[in-house]
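For reference, the chains in residue letters:
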Amino acid sequence: MNAARIGDSPNRVGGRERVTGQQMYVADIRLPGTLQAKLVTLDCARARIISIDKTAAENLPGVSLVMTAADLPQPVPRFGPQFEDRPVLAVGETKYHGDPVAIVAAETAEIAAEAARLVRVEYEELSAVYTLAAALAPDAPLVQDPSLRPKDPLAGTNVLREHRVGWGDVDSEAADVVIDNRYSFPIVTHFAIEPHSFMAAPEGDGVAVWSSIQHPYWLQKILAKILRLPLARVRVVAPDPGGGFGGKQHTKYEPIVAFAALRADRPVRLILSLEESFQAARRAACEVHVRTGVRADGKIAFQDIEADYLIGAYADIADRVVSKGSYPGAGPYNVPAVRIVARSVLSHTLPSTAFRGFGNPQVNWAVESNLDEAARAVGLDRLELRLRNLARKGDAFIPFDTACDGDWQQTVRRAAEMIGWGQPLPAGHGRGLAVGIKSGPTTGHSYSTVRLLADGSVLVYAGTSDMGQGARTIFAQIAAQELGAPLDWVTVVMGDTALVPYDQQTSASRSTVLMGNAILRACRSIQEQLRRMASELHSVPEDQIVVENGIVRLPDQELTVIQVLKAGLGRMGGELIGNGESRKDAEPDHPLQGSAAFFEFNCTAVEATVDEGTGDITIVRHVAVSDVGKALNPLQVRMQDEGAAIQGLGHTLMEHYIFDDKGRVRNLGAIDYRIPTSMDLPLEMESDLVENGDGPGPYGSKGMSEGALLCVAPAVAAAVREASGAVIRDLPLTPERVWRALQERDGKEV
Amino acid sequence: MADTLPVEMIVNGRRRAIEVPVNVTLLDLLRDELGLTGTKECCDVGECGACTVLVDGRAVDSCLMLAVEADGAEITTVEGLAADGQLSPLQQAFLDKGASQCGFCTPGQLMAAHALLQENPDPSLPQIQEGLSGNLCRCGCYFQIADAVLAVAQSGQEGGRK
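From a predicted model like this one, the values you see are computed outputs, not experimental measurements. (Residues numbered from 1 in each chain as written. Chains lettered and ligands numbered in written order. Predicted model: local features only at pLDDT ≥ 70, side-chain atom pairs only at ≥ 80, totals over all residues.)

## Here we look at the overall build of chain A
Applicable threshold: Helical segments are the DSSP runs of H or I of at least four residues, strand segments are the runs of E of at least two, and each set is numbered from the N terminus. Restricting the calculation to C-alpha atoms gives the radius of gyration, and the globule rule supplies 2.2 Å times the number of residues raised to the power 0.38. Three exposure classes are used. Buried residues have 20 or more other C-beta atoms within 10 Å of their own C-beta, exposed residues have 12 or fewer, and partly exposed residues fall in between, all C-beta atoms being placed from the backbone. Throughout, a pair of residues is in contact if the C-beta atoms placed from their backbones lie within 7 Å.
Within chain A, the regular secondary structure consists of 18 helices and 28 strands. Since a compact globule built from 750 residues should have a radius of gyration of about 27 Å, the 27 Å found for chain A is in line with a globular shape. Considering only C-alpha atoms, chain A reaches an extent of 90 × 75 × 50 Å along its principal axes. Counting across all 750 residues of chain A, residues that qualify as buried make up 60%. Across chain A, every contact between residues at least 6 apart in sequence was considered, and the portion connecting residues at least 24 apart equals 80%.

Okay, structure coming up:
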């Protein structure tokens with residue numbers, strides 16, 4: 001019996017399945033009679049499709065169907081979470097390298113692959129744009145058909161949207177020093193170890209769709225609209241994703257797989273290769289121009305930020321990434337004047353989407369790096385400059401948003417102490433420290449049903465996706481705490497829209513807070529029912545009975561939940577059912593249409609050395625401290641923090657896409673695109689957390705899964721600069737780039 | 001050349017005699033023919049380690065090995081680590097140390113760690129990191145995985161039973 005409660009770190013619920021190979025991911029689920037699908041793509045980015053000849057492919061034995069846009073309802077349905085701009089299959093023109101023009105379904109994956117090669121596409125390559133400079137050039141070819149956004153004055157450009165936010169007057173705010181720099185952040189990809197996987201099958205008068213997706217209910221809504229089916233006829237099954245990181249939030253190839261399954265009247269399965277997954281989701285590249293005004297006393301006078309994000313050919317959720325990610329760009333500081341202009345710039349590249357940090361790491365890289373330069377310019381310690389400006393609890397540091405909701409000084413001081421800030425350093429070592437902030441969810445809506453069964457065991461229904469962050473464990477711990485059940489008597493049911501009530505989405509580190517509160521309310525409803533039960537059983541007024549933490553307290557005795565439940569249900573049996581809802585409503589006048597439910601706040605500090613001969617960086621120590629309100633499961637918090645930190649080291653040190661002149665990604669896949677391995681880690685990594693119980697979630701918790709990624713890059717670059725004098729404003733900090741910066745430091749030509 | 005060949009192998013202690021297409025990888029054989037889906041497919045080019053299994057006790061990327069090459073071999077997959085419902089010490093340590101998040105790389109990590117401990121029952125942290133460097137974990141559990149392997153090594157429990 002596992003008596004773990006809130007604040008303990010029991011083994012992950014679902015962990016046993018993970019270590020025994022029993023966990024079923026989408027690709028592990030097999031239905032009889034399933035066809036294997038393969039997408040047909042072109043070997044270039046933008047092309048006009050002249051004709052598609054399916055004959056040879058269709059004649060291959062074992063091929064069940066070949067579908068192009070012509071085989072879909074006309075006009076071909078378009079979808080997207082923010083704009084309905086993405087067609088189910090390319091219509092008339094491909095927009096990026098990997099944009100599918102057809103789908104093939106066959107008896108085996110091998111036949112499907114062969115048939116995909118036999119689909120003859122006659123096409124003409126068209127001029128295209130793959131960089132910000134090219135996309136913003138006055139004569140740039142347009143990525144998006146302007147008729148998709150009528151009345152939009154930007155429709156004749158590749159700027160999808162421009163977002164302006166700010167306060168005070170940047171132009172008149174007095175500063176003693178102005179630091180003016182440009183920074184760049186590359187395109188990187190999620191590289192979940194589970195490639196994106198999809199399956200669809202006709203079911204009754206509707207369809208069932210399996211997807212490794214983070215937002216099953218959003219997918220259900222999109223499928224229902226495209227397929228013209230009621231929601232109740234679209235069942236989305238969403239087994240735990242094998243890593244998501246934002247890349248699996250939104251609909252990708254589920255619509256075409258569903259059309260294929262309905263047409264074939266058989267299950268159709270599409271398991272992407274890793275290379276195809278690389279062409280399905282990525283983070284937006286960004287160029288940031290930042291002017292930081294500082295006074296002689298170290299107070300920040302203004303931040304003037306222009307951020308251009310290179311998004312893809314279809315918007316996916318990228319424009320929201322741009323607006324929400326750039327919005328807290330001035331950081332967690334009290335800054336009198338701020339101007340932020342962020343643009344989402346369309347290009348003929350694969351769609352960019354949510355990725356852990358959601359647009360924040362790009363601007364954070366620039367602004368935090370600039371603050372280090374500001375500190376140097378006014379002769380102030382880099383930590384001290386931050387502490388002098390950091391918002392205090394209750395400060396309206398973003399005037400129209402949620403006030404500072406934590407003791408952020410405590411977090412920063414803790415990280416500084418852990419890295420030994422101010423202590424003597426060995427020769428050739430440097431330290432860097434940076435802070436990251438991210439606006440939590442701005443809207444949200446979660447329902448949960450909790451059933452207390454007759455023997456005291458518990459079923460929790462939660463539509464959240466557990467993609468590794470450990471939501472299932474947290475939810476089970478909440479129910480165990482409230483209803484007094486052992487943890488192994490709690491089952492959390494997830495991942496099936498036919499069984500589990502609505503949850504808006506699994507993103508923005510929301511689930512502990514939003515779904516957690518829904519579960520807490522459902523449990524509290526059951527506690528109310530237990531109170532009534534005990535009142536009747538013992539003839540004690542309800543207001544003299546307290547039910548908490550699995551105990552029913554009467555004036556003269558304490559009973560367990562099970563004792564009351566069994567007596568109350570009697571011989572007829574039964575169960576108690578609680579429903580809980582939690583929502584954060586939109587605020588139409590807010591720049592983001594909603595204030596932050598909470599802020600994720602992290603301070604990262606590193607110590608590094610640089611190999612003068614090769615430019616190779618060694619992270620000697622990496623410290624990450626997050627304000628989590630309350631750690632419901634401290635081990636899981638540590639895993640999320642350290643995992644986020646290591647993921648941040650990826651874009652900091654090594655990861656980036658390389659495009660050729662045809663817009664093809666040259667480093668698709670694991671051989672040519674490097675992510676951190678166990679040989680690329682800091683020599684030491686330490687994480688800690690600040691718990692003041694001041695979050696809006698259960699027991700004072702806040703969301704926390706992205707914080708430790710936000711400011712890795714500026715912390716590392718600062719340490720590199722102190723260690724070696726190398727100044728670098730472009731990520732990643734590859735050995736070659738560091739080596740070149742070292743040569744520049746020495747005034748050498750390279 | 002024949003399209004298929006007969007192979008015999010012992011998989012998780014069970015003798016299997018199968019007629020196998022000559023171009024099928026050991027990974028596809030395990031997943032598609034034998035229904036052992038615990039072994040995962042990711043990069044398919046031997047770079048990520050998600051498909052690691054033991055072939056005669058050695059860690060092998062099963063995506064790089066043809067099934068016919070495994071003729072006569074003894075194969076252990078993640079499904080073969082636990083016995084009679086009892087987790088192996090490594091499996092238990094992975095749970096206790098928080099070495100599995102999304103879990104997709106976990107089977108491969110476990111098999112590689114198992115092989116490492118067979119070869120070197122008392123590895124140092126750098127030896128573990130080097131030994132498992134062919135197994136990617138995007139959730140970033142590397143320190144927790146190393147903790148788990150160290151804990152098993154220090155307890156002298158070997159790498160769990162086969």
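## Describing unusual backbone geometry
Residues and elements named next belong to chain A. Cis geometry marks the peptide bond from Q74 to P75; its omega dihedral reads -10 degrees. Examined against the element boundaries, P75 turns out to sit in the loop between β3 (63-68) and β4 (78-79). In this structure, the amide linkage connecting L731 to the following residue, P732, adopts the cis form with an omega of -5 degrees. On the secondary structure map, P732 appears in the loop between α17 (712-724) and α18 (735-745). Its identity as a non-glycine residue notwithstanding, Y699 has a phi of 60 degrees, on the positive side. Counting through the fold element by element, Y699 comes out in the loop between β28 (684-690) and α16 (707-710).

## Some words on the interface of chain B and chain A
Heads up, the condition is: By the convention adopted, Pro, Cys, Tyr, Trp, Phe, Met, Ile, Leu, Val and Ala count as nonpolar, Lys, Arg, Asp and Glu as charged, and the other residues, Gly among them, as polar.
On the chain A side, the residues contacting the 41 residues of chain B number 40 residues. Where the side of chain B that touches chain A is concerned, the elements lending two or more residues are α2 (89-97), α3 (106-119), α4 (125-131) and α5 (142-155) of chain B. Tallying contributions element by element places α2(B) first for the side of chain B that touches chain A, with 4 residues. Its residues placed into classes, the side of chain B that touches chain A shows 21 nonpolar, 13 polar and 7 charged.

## Focus on the sheet that holds strand β4 (residues 58-61) of chain B
Residue and element names in this part refer to chain B. Inclusion rule: Any two strands with at least two DSSP-identified bridges between them are counted as paired. Working convention: axes come from line fits to C-alpha atoms, limited for helices to the stretch in contact. Angles between N-to-C directions cover 0 to 180 degrees.
Pairing in this open sheet of 5 strands is mixed, and the strands run β2-β1-β5-β3-β4 from one edge to the other. Only two strands of the sheet have a single partner each, and these edge strands are β2 (14-21) and β4. Within the sheet, the average angular offset between the axes of one strand and its neighbour, ignoring direction, is 40 degrees. In this sheet, β4 lies alongside strand β3 (residues 52-55) in antiparallel orientation, the contact comprising 4 bridges. Paired with V53 across the bridge in β4 is V60.

## Some thoughts on the confidence of the model for chain B
In plain terms, the rule: Here pLDDT means the predictor's own confidence in every residue, given as a number from 0 to 100.
Averaged over every residue, the pLDDT of chain B is 95; the share at 70 or more is 96%. Complex prediction metrics read pTM 0.98 and ipTM 0.97.

## Comments concerning the packing of helix α9 (residues 360-378) of chain A against α17(A)
All names here are of chain A. Basically, it comes down to this: Each crossing is labelled by how the near helix is turned from the far one, with a counterclockwise turn of less than a right angle marking it left-handed and a clockwise turn marking it right-handed.
At their nearest, the axes of α9 and α17 sit 8 Å apart, and the two run at 35 degrees to each other. The two elements α9 and α17 meet at a crossing, and its hand is right-handed. Along its contact with α9, which presents P361, N364, W365, E368, S369 and D372, the element α17 presents A713, P714, A717 and A718. Grouping the amino acids of the contact of α9 with α17 by side-chain chemistry returns 6 nonpolar, 2 polar and 2 charged.

## Quick word on the sheet that holds strand β22 (residues 546-548) of chain A
Residue and element names in this part refer to chain A. Taken together, 3 strands build an open sheet; the order of strands is β22-β23-β24 and the sheet is antiparallel. The open sheet has two free edges, formed respectively by β22 and β24 (558-560), since each of these has just one partner strand. Between one strand axis and the next, the sheet turns by 20 degrees as a mean value, whatever way the strands run. Where strand β23 (residues 551-553) lies against β24, 3 bridges are found, and the strand directions are antiparallel. Opposite V552, over in β24, you have L559 as the bridge partner. Running over the sheet, helix α13 (residues 514-538) touches β22, β23 and β24 and is turned about 140 degrees from β22.

## Re the pairing of strand β1 (residues 35-40) of chain A
All names here are of chain A. Of all the 6 residues making up β1, 6 are buried; the element is thus mostly covered by neighbouring parts of the structure. Two strands pair when backbone bridges link them, and β1 and strand β7 (residues 102-106) are joined in this way by 5 bridges, in the antiparallel orientation. Paired with L39 across the two strands is I103, which belongs to β7.

## So, helix α14 (residues 561-569) of chain A
Residues and elements named next belong to chain A. We count it as follows: This arc corresponds to the set of directions leading from the helix axis out to the C-beta atoms.
Residues V561, V564 and L565 constitute the buried set of α14. Looking down the long axis of α14, one finds its buried residues gathered within 100 degrees of arc, a one-sided arrangement. The secondary structure elements touched by the buried residues of α14 are β19 (444-453), α12 (471-483), α13, β23, β24 and β25 (575-584).

## Some words on the domain arrangement of chain B
The parts lose accessible area when they come together, and the size of an interface is often stated as this lost area. All names here are of chain B. Stated precisely, the cut-off is as follows: Throughout, the edges of the domains are those of an automatic or database domain assignment.
In terms of domains, chain B is made up of domain 1 (4-80) and domain 2 (89-155). Here the C-alpha centre of domain 2 lies 21 Å away from the C-alpha centre of domain 1. Between domain 1 and domain 2, the contact holds 14 residues from the first and 13 residues from the second. Within the residue set of the side of domain 1 that touches domain 2, elements represented by two or more residues are β3 and β4. The element that contributes the greatest number of residues to the side of domain 1 that touches domain 2 is β3, accounting for 3 residues. Among the residues forming the side of domain 1 that touches domain 2, the class breakdown is 7 nonpolar, 5 polar and 2 charged.

## Side note on the domain arrangement of chain A
Residue and element names in this part refer to chain A. Each assigned domain of chain A is listed here: domain 1 (15-23 + 444-584), domain 2 (32-126 + 194-242 + 247-278) and domain 3 (285-441 + 590-745). For domain 2 versus domain 3, the distance between C-alpha centres works out to 36 Å. Between domain 2 and domain 3, the contact holds 19 residues from the first and 21 residues from the second. By residue number, the principal contributor to the side of domain 2 that touches domain 3 is helix α7 (residues 274-278), which donates 3 residues. Broken down by class, the residue content of the side of domain 2 that touches domain 3 amounts to 7 nonpolar, 7 polar and 5 charged.

## Quick notes on the nonpolar core
Going by this rule: For this analysis, nonpolar core means a set of buried Ala, Val, Leu, Ile, Met, Phe, Trp, Tyr and Cys residues linked through C-beta atoms within 7 Å.
Counting 300 residues, the largest nonpolar core has V104(A), V257(A), A479(A) and I519(A) as the members making the most contacts within it. At 11 residues, the largest contribution of residues to this core is made by α13(A).

## Structural notes on the packing of α12(A) against α13(A)
Residues and elements named next belong to chain A. Which entries qualify depends on this criterion: Here the word oblique covers every angle except those under 35 degrees (roughly parallel), over 145 (roughly antiparallel) and from 65 to 115 (roughly perpendicular).
Look at α12 against α13: their axes get within 10 Å of each other, and the N-to-C directions meet at 25 degrees. Comparing their axes, α13 and α12 come out roughly parallel. In this structure, the crossing between α12 and α13 has a hand that is right-handed. Of α13, the residues touching α12 (which contributes I474, F475, I478, A479, E482 and L483) are M515, G516, I519, L520, C523, R524, I526 and Q527. The class makeup of the residues in the contact of α12 with α13 is 10 nonpolar, 2 polar and 2 charged.

## Section: the environment of P61(A)
In this fold, P61(A) is placed in the loop between α2 (55-59) and β3. Along the chain, P61(A) and A115(A) lie 54 residues apart, while their C-alpha atoms are 9.4 Å from each other.

## What about helix α3 (residues 109-118) of chain A?
Residues and elements named next belong to chain A. Those residues of α3 that sit buried are I111, A112, A115 and A116. Take α3 and look down its axis: the buried residues cluster within an arc of 140 degrees, on one side only. Residues of α3 that are buried make contact with β1, α2, β3 and β7.

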